[in-house]
Amino acid sequence: MFRYSKKTLVLEIFTIIGALIMLAPFYFLISTSLKTSDQVLTTSSLSFPTSPTFDNFVTLLSPSSGASSSIFTGLASSIAITVGTIVGLVVLGAPAAYVFARSTSRWSNKVFYIFLIAILLPTQLGIVPLYAGARTLGLTGSPWGLIVIYTGTLLPLSVFLYSGFLRRLPRDYEEAATVDGAGRGAVFVRIVFPLMGPATGTVAILAGLIVWNDFFTALVFLNGSDYQTLPVVMYNYVGSLVSQWNLIFAVVIISMIPILAFYFFAQKRFIQGYAGGLKG
Amino acid sequence: MAIVQEQAAAELGSRHGPSRPFTLGYGRWWWALPAVALVVFMVYVTTAAGAFYAFTDWTGIGSWNFVGLNNFKKIFQNPEMIRSLVNTLVLAFGFLLFTNIFGLLFALALNRGLKSRYVLRMLLFMPVVIAPIAVSYVWKFIFAYKGPLNQTLAALGLESWQRDWLAEPKLALLTVLIVMVWQNIGFVMVIYLAGLATVPVDLEEAAALDGAGTFDRFRRITIPMIQPSIAIATTLMLIQGLRIFDQVLALTGGGPAGATETLATQVYKHSFVFGNFGFGASLALVLSLLILVFTLIQQWATRDRL
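Residues numbered from 1 in each chain as written. Chains lettered and ligands numbered in written order. Predicted model: local features only at pLDDT ≥ 70, side-chain atom pairs only at ≥ 80, totals over all residues.

## Describing the overall build of chain B
If you tally the helices and strands in chain B, you get 14 helices and 0 strands. Dimensions along the principal axes, computed over C-alpha positions, put chain B at roughly 75 × 75 × 30 Å. In chain B, which comprises 306 residues, the proportion classed as buried is 48%. Within chain B, counting contacts between residues at least 6 apart in sequence, those at least 24 apart form 72% of the total. (Helix = DSSP H or I, 4+ residues; strand = E, 2+ residues; numbered from the N terminus. Buried ≥ 20, exposed ≤ 12 C-beta atoms within 10 Å, placed from the backbone. Contact = placed C-beta atoms within 7 Å.)

Here is the structure:
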């Protein structure tokens, strides 16, 4: 019944056409970024440049241009804030989830609810007071403030993913190590945490993507500071370019390269991370 | 983070105290303390404070007064705010509908059989990982008056269909919807592919032998078996749709003349551009309640199946 028949071939052709239409924006993105400013105005927006040029990328990234420093600092802040948040989520989330997953006491279940409910709570409402509070403490415009905010709002996700994983993890190794005389700290650091590797990967990918691509929180907390993340840098830079699509698209491509490289490198993990919310 | 909302809700309803035969010492209770403290403060205290300020005229600096329900009266008596609310709902439900239709179609096509299925799955998921703001700029160009969309229409001999897509109020809202849908089809597809993987091939073959046609098999076997995926995909898209912000700011900035403003863009403008924190908080409260109510309705509607 699932032989590759003529019907399958027709379906395959239609699906490929559908996918090509879906991917058309990438074609326009790339072709326009390889045009000169004149070509953008004079040639059809559908056409691929006859003599593709990387001038736009060179212009943006060469040290003499005004844009390059903001692009590079944007890249640096994005990396620092994303990595900082992931570290926070792992360092605080993994031990907390371990306690919840292994504890038999009643309070631990009750406290775990705090994380479950926090996942369901919409985050919008907290932003206004957070901003006011951060401004009072002088934390707006600081990457540290944003790392703390992202860590706090994404911790429920981290604890949830970790504890789901730990409940399926057999206790044999921990028991053996305890019997051999290892202390609780050593058991966790040397035995449990390394076994939690796949969960750490999922936390890093899901939380990393959310933080890396986040625009709203970064705009509110970092706009105008020296630590704007890439999405905010892009937003401000595009605002200053009126319809210079070749340059705009070069910026867009530069901002996409890190995440897409990561995606092609680990696409199975990305897709499983997203679909993985289904298995529990 | 919405990905696990469904599960979290399901677990809230079904958690029983574990009964294990014996325990060695696993960890120390205070290992959880920093995480608990941070979440209580960053999620609960701030949310409670936001709900509190929704009833004040606070501007972010200095003193404030209780104004009762005044902020909410201002919202529901102001045509601009009503319009933002309606836009938010239209976008969220359109988003839910179209991401699910196209996501399910691609998932069904790429479930098995096609030779190109692995490559296409990978390519179709690609937009999901890119920043929404970057995606929006690409589409802003596509919808520009001399952009690819109008040029394609001209090439097909459909000049009369050409429009200034971002400048006409109704079309501008449609463009925002298209961009949101385009970016999330791959996400929904992946959810449905995971669901379709649980449908046994034997069952479909048995039904086919008994004379059930493709559509019958889809309706009577596939749909009931991927019910959990449908619940998850619709809830996630609804919540994400209600929060729509990035695409609006990048594509239209809320214009033309407020035609594409949503609750999230109004929260941003009133709180952080105009500095009316009290009013902004009341808008955020309305948005949060919408999200919460729809989540609960969805949980209730699918409670037996999860």
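What follows continues from the structure just given.
## Let's talk about the overall build of chain A
If you tally the helices and strands in chain A, you get 14 helices and 0 strands. Taking the principal axes of the C-alpha coordinates as reference, chain A spans close to 75 × 65 × 35 Å. Looking at chain A residue by residue over its 280 residues, the buried ones come to 48%. Considering only contacts within chain A whose residues lie at least 6 apart along the sequence, 72% involve residues at least 24 apart.

## Let's talk about the interface of chain A and chain B
Reports often express the size of an interface as the amount of accessible area lost when the parts come together. If you look at the interface, chain A gives 90 residues, while chain B gives 93 residues. No other element matches the 12 residues that helix α1 (residues 6-33) of chain A contributes to the side of chain A that touches chain B. Its residues placed into classes, the side of chain A that touches chain B shows 64 nonpolar, 20 polar and 6 charged. (Nonpolar A, V, L, I, M, F, W, Y, C, P; charged D, E, K, R; others polar.)

## What about the packing of helix α11 (residues 227-242) of chain B against helix α14 (residues 277-301) of chain B?
Residues and elements named next belong to chain B. Axis separation between α11 and α14 bottoms out at 10 Å; the angle between their running directions is 170°. Considered as vectors, α11 and α14 are oriented roughly antiparallel to each other. Between α11, through T234, T235, L238, I239 and L242, and α14, the contact on the second element is made entirely by L287, L290, I291, F294, T295 and Q298. Of the residues that constitute the contact of α11 with α14, the class distribution is 7 nonpolar, 4 polar and no charged. (Axes fitted to C-alpha atoms, helices over the stretch in contact; angles between N-to-C directions. Parallel < 35°, antiparallel > 145°, perpendicular 65-115°, else oblique.)

## Some details on helix α14 (residues 267-275) of chain A
When we look at burial in α14 of chain A, the residues that qualify are F270, I271, G273, Y274 and A275 of chain A. Against the buried residues of α14 of chain A lie α10 (197-213) and α13 (245-265) of chain A together with α5 (117-129) and α8 (169-196) of chain B.

## A closer look at the domain arrangement of chain A
Looking at the assigned domains, one finds that chain A contains domain 1 (6-58) and domain 2 (67-240). Of note, the centres of domain 1 of chain A and domain 2 of chain A, computed from C-alpha atoms alone, are 37 Å apart. (Domains from an automatic or database assignment.)

## A look at helix α13 (residues 263-273) of chain B
Taken across its 11 residues, α13 of chain B has 9 buried, putting it largely inside the fold. Of the residues making up α13 of chain B, those classed as buried are L263, A264, T265, Q266, V267, Y268, H270, S271 and F272 of chain B. Residues of α13 of chain B that are buried sit in contact with α6 (124-136) and α11 (216-222) of chain A together with α4 (79-110), α12 (246-251) and α14 of chain B. Phi turns positive one or two residues past the end of α13 of chain B, at G275 of chain B, with a value near 75°.

## Some points on the nonpolar core
Counting 177 residues, the largest nonpolar core has Y162, M234 and V252 of chain A together with V190 and L287 of chain B as its most contacted members. The element contributing the most residues to this core is α8 of chain B, with 17 residues. Both domains that meet at this core, namely domain 1 (6-58) and domain 2 (67-240) of chain A, each give it at least three residues. Residues in contact with M234 of chain A, not counting those within four places in the same chain, are V251, V252 and S255 of chain A together with I133 and A134 of chain B. (Core = buried A, V, L, I, M, F, W, Y, C linked by C-beta atoms within 7 Å.)

## Looking at the environment of Q244 of chain A
Within the secondary structure, Q244 of chain A is located in the loop between α12 (230-240) and α13. The spacing of Q244 of chain A and L89 of chain A is 155 residues in sequence and 40 Å in space, taken between C-alpha atoms.

## What about the packing of helix α6 (residues 132-143) of chain B against α8 of chain B?
All names here are of chain B. Closest axis-to-axis distance for the α6/α8 pair is 10 Å, and the angle between their directions is 130°. Between α6 and α8, the angle falls in the class oblique. The interaxial crossing formed by α6 with α8 has right-handed handedness. In this structure, α6 uses P132, V135, S136, W139 and F143 to contact α8, whose residues at the interface are T175, V179 and Q183. (Left-handed = near helix turned anticlockwise from the far one by under 90°.)

## Considering the environment of K140 of chain B
All names here are of chain B. Note that K140 resides in helix α6. Taking the C-alpha atoms as reference points, K140 and L166, separated by 26 residues in sequence, lie 7.9 Å from one another. If we ignore the near neighbours within four places in the chain, the residues touching K140 are A250 and L251.

## Re the confidence of the model for chain A
Caution applies to low-pLDDT regions: their predicted coordinates should not be interpreted in detail. Looking at chain A, pLDDT values average 86 and 98% of them are 70 or higher. The weakest mean pLDDT in chain A belongs to α14 of chain A at 82; the strongest belongs to α1 of chain A at 92. (pLDDT = per-residue confidence, 0-100.)

## Some points on the environment of S31 of chain A
Residue and element names in this part refer to chain A. Following the sequence through the fold, S31 ends up in helix α1. With 20 C-beta atoms counted inside 10 Å, the residue S31 sits in the buried group. Once the C-alpha coordinates of S31 and P49 are considered, the two residues, 18 residues apart in sequence, prove to be 6.5 Å apart. Excluding anything up to four places from it in sequence, S31 contacts F48 and P49.

## Details of the confidence of the model for chain B
Residue and element names in this part refer to chain B. Confidence along chain B averages 86 in pLDDT terms, with 90% of residues attaining 70 or more. Within chain B, helix α1 (residues 5-14) has the poorest average pLDDT of any element, 60, and α4 the best, 95. Note on residues 15-23: pLDDT under 50 across the span, and 6 contacts to partners over four residues away in sequence or across chains. Interface predicted TM-score (ipTM) for the complex: 0.86; the corresponding pTM is 0.87.

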